[in-house]
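Structural description and commentary
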Amino acid sequence: MKQILVTGGTGYIGSHTAVELQNAGFEVIIVDNLSNSSLEVLDGIEKISGIRPAFEQFDLVEADKVDAFFAKYPNIEAIIHFAASKAVGESVEKPLLYYRNNLVSLINLLECQLKYGVSNIVFSSSCTVYGQPDELPVTENTPRKDAESPYGNTKKVNEDILKDTIAANPAIKGIALRYFNPVGAHPSALIGELPLGVPANLVPFITQTAAGLRGELKVFGNDYDTIDGSAVRDYINVVDLAKAHVIAVERLIYNKNENGYEIFNLGTGQGVSVLEMVHAFQMATAVKLNYKIVDRRAGDIEKIWADTTLANEELGWKAETGLEETLLSAWNWEKRVRGME
Ligand code: UD1
């Protein structure tokens, strides 16, 4: 069985990807420092897929530990690198923490790829690299803009680190996947998104409000130039997103890519407003959501959605799950976490 290292594999997108990799016949080894996830996630992965992935707990910023890991696992065929700090607000307050965590961990992995002959890496990037684009939808060729936050800048710089390293070392091939807004949970409700503290992201805030943990959802702004004045995003189901990683890994391992470094947008291609999300959640779950319109959130962009043609045609991947089904999965997960069933 081909071994895949999944960094950040107990996290939200990582855990869903570990399941899909195992379902596709790959052997998964997870590395995570558990800074924003817990070991119980391994139970969920095991219950869904019937296999408990190997797990190593350490921090990827520690170069000696990364090196010892690759010495211990000499047969890894590809890396999917999710592990990163991802709280936008925190990154503004602690830029050095974000630059150290996110940049150094990728550098350590790439150095070990060269040393140990690991050819393939898939990197978790984000549509945040586009900022507020001048034209919609965004293609992979849409120019990147100055990042709005240190977090966003780490995604941009890491893309460049990857591109430059591959250009200098043809032995390495890589794919950067630019996620739009990942939402939802596994349909089993055994794994999902588990934010620490007050969620910054929309869907966890919606499900926690519906569960009674939060009094009301604040809709940040209704004076944007959009269908109903609220901001528009492209919300992609997390299981659909996870499946794209399996395809990306297979593309690298089986040499289906023509270029050493490739970039793909992963979204649905549909823009959905915050108020449309609220209504879709209520339709999907029959739960009424308290919300009120408040001022815009600093740093938010008005609207973005993906042109997914490249991923559709080159990867043969497309988003499949409908928005209501996705929101219902998020709600089922929230209810399970809160012991509401
Ligand atoms: C945010 C990050 C982005 C990161 C992504 C990861 C910011 C500015 N951007 O994107 O860099 O890659 O998460 O998932 O934080 N909203 C509300 N009320 C809420 C929460 C959100 O109205 O309580 C609105 C936001 O204003 C936005 C939309 O919902 O219009 C989506 O917000 P969110 O889930 O935080 O994602 P992004 O801001 O798109």
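Residues numbered from 1 in each chain as written. Predicted model: local features only at pLDDT ≥ 70, side-chain atom pairs only at ≥ 80, totals over all residues. Heavy atoms only, no water.

Attention now moves to the pattern of salt bridges. Once their charged atoms are close, side chains differing in charge can pair, the charge on each being opposite to the other. Using the criterion set out here, one finds 21 salt bridges in the structure. The residue E90 makes a salt bridge to K94 at a minimum N-O spacing of 3.6 Å. Note that R338 and E334 form a salt bridge whose closest N and O atoms lie 2.6 Å from each other. Classification of E334 by relative accessible area gives buried; the value is 6%. Connected through shared salt-bridge partners, R144, E159, D160 and R178 make up one network. (Salt bridge = Lys/Arg side-chain N within 4 Å of Asp/Glu carboxyl O. Buried < 20%, exposed > 50% of the residue type's maximum accessible area, 1.4 Å probe, protein only.)

As a further point, take the packing of aromatic side chains. For the coordinates displayed, the defined rule picks out 6 aromatic pairs. Ring plane angle 35° and centroid distance 4.7 Å describe the contact between F69 and Y73, whose orientation is recorded as tilted. Using a relative accessible area of 4% as the deciding quantity, one classes F69 as buried. Taking relative accessible area as the criterion, Y73 reaches 14% and is therefore assigned buried. Ring pairing ties together the aromatic residues F58, F69, F70, Y73 and Y116, which thus form one cluster. (Phe/Tyr/Trp six-rings, centres within 6.5 Å; stacked < 30°, edge-to-face > 60°.)

For the ligand, the set of nearby residues contains 19 residues, the closest of which are L202, K218, R233, R297 and D300. At 3.1 Å, a side-chain N or O of N201 approaches an oxygen atom of the ligand. Backbone polar atom of L202 to an oxygen atom of the ligand: 2.8 Å apart, as the coordinates give it. Summarising the interface, the protein chains cover 85% of the accessible area of the ligand, which totals 740 Å² for the free molecule. Elements supplying a minimum of two residues to the shell around the ligand: α7 (202–210) and β8 (217–220). By residue class, the composition of the shell around the ligand is 11 nonpolar, 4 polar and 4 charged. (Near = heavy atom within 4 Å. Polar contact = N/O pair within 3.5 Å; in protein donor to acceptor, adjacent residues only side chain to side chain. Areas by Shrake-Rupley, 256 points an atom, 1.4 Å probe, with all protein chains shown as cover. Helix = DSSP H or I, 4+ residues; strand = E, 2+ residues; numbered from the N terminus. Nonpolar A, V, L, I, M, F, W, Y, C, P; charged D, E, K, R; others polar.)

Considering soluble globular proteins, one finds that nonpolar side chains tend to be buried as a cluster. With 36 residues, the main nonpolar core has I4, L21, I45, L177, V249 and L266 as its most contacted residues. If one sorts the elements of this core by residue count, helix α8 (residues 238–253) sits on top with 9 residues. Residue assignment places this core across two domains, with domain 1 (3–184 + 235–266) and domain 2 (202–233 + 269–335) each supplying three or more. Excluding residues within four positions of it along the chain, I45 makes contact with G9, S15, A18, V19, Q22, I30, G50, I51, P53 and I191. Counting residues in each nonpolar core, the second largest holds 27 residues, with V31, F58, F69 and I76 among its members. (Core = buried A, V, L, I, M, F, W, Y, C linked by side-chain atoms within 4.5 Å. Domains from an automatic or database assignment. Contact = heavy atoms within 4.5 Å.)

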